[in-house]
Amino acid sequence: AGPLQTLTIPATLDGLLATRLDQLDQTSKQVLRAASVVGQVFYPEALLALGFGQAAIDDALMAAVRRDLIAELDERGPGGQLAHSFKHILMRDAAYESMPKAERWRAHDAVGRWLEGEWQGGDEISLIVAHHAERAFWIAHGLHHADARALGARAFELLLAAGRRAWANVL
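Think of each chain on its own: its residues are numbered from 1, step by step along the sequence as written. Local features in this predicted model are restricted to residues of pLDDT 70 or higher, and side-chain atom pairs are both shown and tallied only at a pLDDT of 80 or more, whereas totals for entire chains, interfaces and linings draw on every residue. Excluded from the side-chain calculations are hydrogens and water; all other atoms, namely the structure's heavy atoms, are used.

Colleague: Before we move on, can you summarise helix 7 (residues 123-142) with the specific residues and values?
Modeller: Under the DSSP-based scheme used, a helix requires at least four consecutive residues in state H or I and a strand at least two consecutive residues in state E, with every element numbered from the N terminus. One less than the residue count of a helix, multiplied by 1.5 Å, gives the span that helix is expected to have. The end-to-end C-alpha distance of helix 7, which contains 20 residues, comes to 29 Å, matching closely the 28 Å that a straight helix rising 1.5 Å per residue would cover. Taken together, the buried positions of helix 7 are Ser 126, Val 129, Ala 130, His 132, Ala 133, Ala 136, Phe 137, Ile 139 and Ala 140. Considering only its buried residues, helix 7 is in contact with helix 2 (26-38), helix 5 (89-97), helix 6 (101-118) and helix 8 (148-170). Once helix 7 ends, the next one or two residues include His 144, with phi positive near 55°. Remark: exposure states derive from per-residue accessible area (1.4 Å probe, protein chains only) relative to the maximum for the residue type, with buried under 20%, exposed over 50%, and partly exposed in between. Residues are treated as being in contact if the distance between any of their heavy atoms lies within 4.5 Å.

This is the structure in structure tokens:
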């Protein structure tokens, strides 16, 4: 039996994508999971805010680019680093779904707070910050986490402020 006969093909597309992620080392998988919380397009600076070191981020992004999971974009983040994008939204979704919910709500909260600090003002950014706050709340609430109430209050205030800005632009 040759190597192709021993190759196991996952039954679903989700399984195939999960297998591609599983081929990365543990740190690279964690970095891509965190990047998936940021979104389809993400910035290395956001990953720093999520607690990863610059060397770990650089190594993980290089490994993911080599495996054709992500691409560098010709766009710079707030710290001047090149933005990256998942090659396909389904890869982003696979990375996101593989992240434990207890880590996911914390990542949404951290990303929202990072965005709020890095990109002041602007209707679009305020809506994205509110989105991350809302996601953090709903995930923590579903886990019955003690921080859910405070996260909910923060999400409410941010969503209300974003709604008021949008309404003011309509009038």
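Resuming the write-up.
Colleague: Can you explain the side chain of Glu 45? Please cite residues and give values.
Modeller: Mapped onto the elements, Glu 45 comes out in helix 3 (residues 44-49). All tallies of charge rest on Lys and Arg as positive and Asp and Glu as negative; His and the ends of each chain are not included. One side-chain nitrogen of Lys or Arg within 4 Å of one carboxyl oxygen of Asp or Glu is enough to make a salt bridge. Here Glu 45 occupies a buried position and makes no salt bridge, while the nearest side chain of opposite charge, Arg 76, is found at 7.7 Å. Here a polar contact is recorded for every N or O atom pair within 3.5 Å, except that within protein the pair must consist of a potential hydrogen donor and a potential acceptor, and residues adjacent in sequence are included only if both atoms are side-chain atoms. Engagement of the side chain of Glu 45 in a polar contact is seen with the backbone nitrogen of Gln 81, the distance being 3.1 Å.

Colleague: Quick one: what's the story with the pattern of salt bridges, residue by residue and with numbers?
Modeller: Counted under the stated rule, the structure contains six salt bridges. The closest approach of N and O atoms between Asp 68 and Lys 87, which form a salt bridge, is 2.8 Å. With Asp 68 in the loop between helix 4 (54-66) and strand 2 (70-76) and Lys 87 in the loop between strand 3 (82-86) and helix 5, this residue pair connects regions lying 19 residues apart in the sequence. Connected through salt bridges with shared partners, the residues Asp 109, Arg 113, Glu 116 and Arg 154 form a single ionic network.

Colleague: Hey, could you go over a nonpolar patch on the surface for me, with residue numbers and the actual values?
Modeller: On the surface, Leu 13, Leu 16, Ile 89 and Leu 90 cluster together into a nonpolar patch covering about 320 Å² of accessible area. Mapped onto the nonpolar patch, the elements with two or more residues apiece are helix 1 (13-22) and helix 5. The topology assignment puts Ile 89 in helix 5. Look at Ile 89 and you get partly exposed, because its relative accessible area is 40%. In this scheme, patches are assembled from residues that exceed 30% relative accessible area and form no salt bridge. Like charges are connected within 9 Å, while nonpolar side chains (Val, Leu, Ile, Met, Phe, Trp, Tyr) are connected within 5 Å. Only the protein chains shown count as cover for residues, with accessible areas throughout obtained via the Shrake-Rupley method and a probe of 1.4 Å.

Colleague: Please provide a residue-by-residue account of unusual backbone geometry, values included.
Modeller: Positive phi is not limited to glycine here, since Asp 68 has a value of about 65°. Asp 68 gets classed as partly exposed once you look at its relative accessible area, which sits at 43%. The residue His 144 is not glycine, and still its phi comes out positive at about 55°. Along the chain, the position of His 144 falls in the loop between helix 7 and helix 8. Exposure remark for His 144: the relative accessible area of 73% places this residue in the exposed category.

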